[in-house]
Amino acid sequence: MKIQKSSEDYLEAMLMLKEKHGYIRSVDIAAQLGVTKPSVSYATKRLRENGYITMDADGLISLTASGMEIAARIYERHKLLTQLLISLGVSEETAREDACKIEHDLSIETFDAIREHARRYSSAHVE
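Residues numbered from 1 in each chain as written. Predicted model: local features only at pLDDT ≥ 70, side-chain atom pairs only at ≥ 80, totals over all residues. Heavy atoms only, no water.

## Regarding the layout of surface pockets
Part 1 of the argument: Considered as a void within the structure, the largest pocket measures approximately 240 Å³ in volume.
Part 2 of the argument: Lining the largest pocket we find Leu 80, Gln 83, Leu 84, Ser 87, Leu 88, Ile 114, His 117, Ala 118, Tyr 121 and Ser 122.
Part 3 of the argument: Elements supplying a minimum of two residues to the lining of the largest pocket: α4 (65-87) and α6 (108-126).
Part 4 of the argument: Broken down by element, the lining of the largest pocket gets its largest block of residues, five residues, from α6.
Part 5 of the argument: When the residues that make up the lining of the largest pocket are grouped by side-chain class, the tally is six nonpolar, four polar and no charged.
Part 6 of the argument: A volume near 200 Å³ is recorded for the second largest pocket.
Part 7 of the argument: As for the second largest pocket, its lining consists of Lys 5, Asp 9, Glu 12, Ala 13, Met 16, Gln 32, Leu 33, His 78 and Cys 100.
Part 8 of the argument: Mapped onto the lining of the second largest pocket, the elements with two or more residues apiece are α1 (5-21) and α2 (26-33).
Part 9 of the argument: With five residues, the single largest contributor to the lining of the second largest pocket is α1. (1 Å grid on protein atoms, 1.4 Å probe; cavity = no way out; pocket = protein on both sides within 12 Å on 5 of 7 lines; lining within 4 Å. Points joined across faces, edges and corners; volume = space filled by probe spheres on them. Helix = DSSP H or I, 4+ residues; strand = E, 2+ residues; numbered from the N terminus. Nonpolar A, V, L, I, M, F, W, Y, C, P; charged D, E, K, R; others polar.)

This is the structure in structure tokens:
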């Protein structure tokens, strides 16, 4: 399931907006990503054509199962990498920015190892 980084960013932003507001609108995507409305229109058209999202008559966007799978994967990576970088002493803002850069290019093997390390480390300190 290889898609472009920008498409992953859009899907992740959509999931974040859905969690925050309960709905997804193009204008909110533009604000979230700091892009223009025409850019969002172009991206949503491509995402719709590829079966990652649907759009209703009112312009509300929904993630399809395949879109949700990608969005959830990228969002999980983003959150865990951000937490990891913060725990290393990186500022929250820089950690978020760097996590966004890393989340797309990290192999599944490497991310799984990071996730497992984080689980072991946090469970060792919880008790």
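## Focus on the nonpolar core
Part 1 of the argument: By size, the foremost hydrophobic cluster in this structure holds 20 residues, and its most contacted members are Tyr 10, Leu 11, Met 14, Ile 29, Leu 47, Ile 53 and Leu 63.
Part 2 of the argument: Among the elements of the structure, α1, α2, α3 (37-49), β2 (61-63) and α4 are those that each provide at least two residues to this core.
Part 3 of the argument: Among the elements that line this core, the one with the most residues is α1, at five residues.
Part 4 of the argument: Dropping the residues within four chain positions of it, Leu 47 is found in contact with Ser 7, Tyr 10, Leu 11, Met 14, Tyr 52 and Ile 53.
Part 5 of the argument: Listed in part, the five residues of the second largest apolar core include Leu 80, Leu 81, Leu 106 and Phe 111. (Core = buried A, V, L, I, M, F, W, Y, C linked by side-chain atoms within 4.5 Å. Buried < 20%, exposed > 50% of the residue type's maximum accessible area, 1.4 Å probe, protein only. Contact = heavy atoms within 4.5 Å.)

## Things to note about the side chain of Glu 12
Part 1 of the argument: Mapped onto the elements of the fold, Glu 12 is located in helix α1.
Part 2 of the argument: Buried within the structure, Glu 12 lacks any salt-bridge partner; its nearest side chain of opposite charge belongs to Lys 5, at an N-O separation of 8.0 Å.
Part 3 of the argument: Once residues lying within four places of it in the same chain are set aside, the contact partners of Glu 12 are Ala 71, Ile 74, Tyr 75, His 78 and Glu 103. (Lys, Arg positive; Asp, Glu negative; His and termini not counted. Salt bridge = Lys/Arg side-chain N within 4 Å of Asp/Glu carboxyl O.)

## Quick look at α4
Part 1 of the argument: Here α4 contains 23 residues, and its C-alpha end-to-end distance of 33 Å stays within 8% of the 33 Å for a straight helix at 1.5 Å per residue.
Part 2 of the argument: Looking one or two residues past α4, Gly 89 carries a phi angle of roughly 105 degrees, positive in sign. (Expected span 1.5 Å × (residues − 1).)

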